[in-house]
Amino acid sequence: MDITIPSVLRASVKHKDLYENSKYAGSFISKITKNKETVLIATKNTEKAIQVFLGSIIYGRIPIIIQSPSSKVSEKEFSQKMLEIKNQENPSVCFCDEENRKNFEKFFNIITEI
């Protein structure tokens with residue numbers, strides 16, 4: 001039996017909107033990335049994060065959800081973590097909230113809207 005996330009969503013009447021919105025996000029991402037490239041996701045909007053995550057999978061990208069900046073993490077520690085992610089994953093793009101654009105664009109190509 002060959003069950004995948006896209007096949008389950010595609011077949012589900014209950015999740016039709018999620019599937020369509022995920023396809024839309026994935027289509028957008030597929031135009032600025034290549035197959036099997038990494039897409040970082042750092043947004044507080046859970047619905048948008050899920051759409052970008054699933055859309056990335058549908059279009060053959062590798063989604064990774066990362067932390068957004070927080071008062072619990074020093075700027076130095078945050079920068080070290082982002083450099084580590086950049087060096088290990090070499091992501092093509094990072095989807096983030098507009099409010100955190102400046103924090104992430106030091107390290108990654110940014111998109112804030114799909």
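Look up a bit, the structure's there.
What counts, and at which threshold
- Residues numbered from 1 in each chain as written.
- Predicted model: local features only at pLDDT ≥ 70, side-chain atom pairs only at ≥ 80, totals over all residues.
- Heavy atoms only, no water.
- Core = buried A, V, L, I, M, F, W, Y, C linked by side-chain atoms within 4.5 Å.
- Buried < 20%, exposed > 50% of the residue type's maximum accessible area, 1.4 Å probe, protein only.
- Helix = DSSP H or I, 4+ residues; strand = E, 2+ residues; numbered from the N terminus.
- Right-handed = clockwise from strand over helix to strand, strands pointing away.
- Pairing = 2+ DSSP bridges.

## Some points on the nonpolar core
So, step 1. Grouped together as the largest cluster of nonpolar side chains are 13 residues, with contacts concentrated most on I66, M82, C94, F104 and F108.
So, step 2. With 3 residues, the top contributor of residues to this core is helix α4 (residues 75-89).
So, step 3. The next biggest cluster of nonpolar side chains, apart from the first, holds 10 residues, and it includes A25, I41, F95 and I111.

## Remarks on the pairing of strand β1 (residues 38-42)
So, step 1. A large share of β1 lies buried, amounting to 5 of its 5 residues.
So, step 2. By the alternation rule, side chains of β1 split into T38, L40 and A42 and V39 and I41, which are all buried.
So, step 3. Between β1 and its parallel partner strand β2 (residues 62-65), the chain crosses via helix α3 (residues 46-58), and the hand of that crossover is right-handed.
So, step 4. Pairing between β1 and strand β3 (residues 93-96): 4 bridges, direction parallel. Bridge pairing in β3 links V39 to V93.

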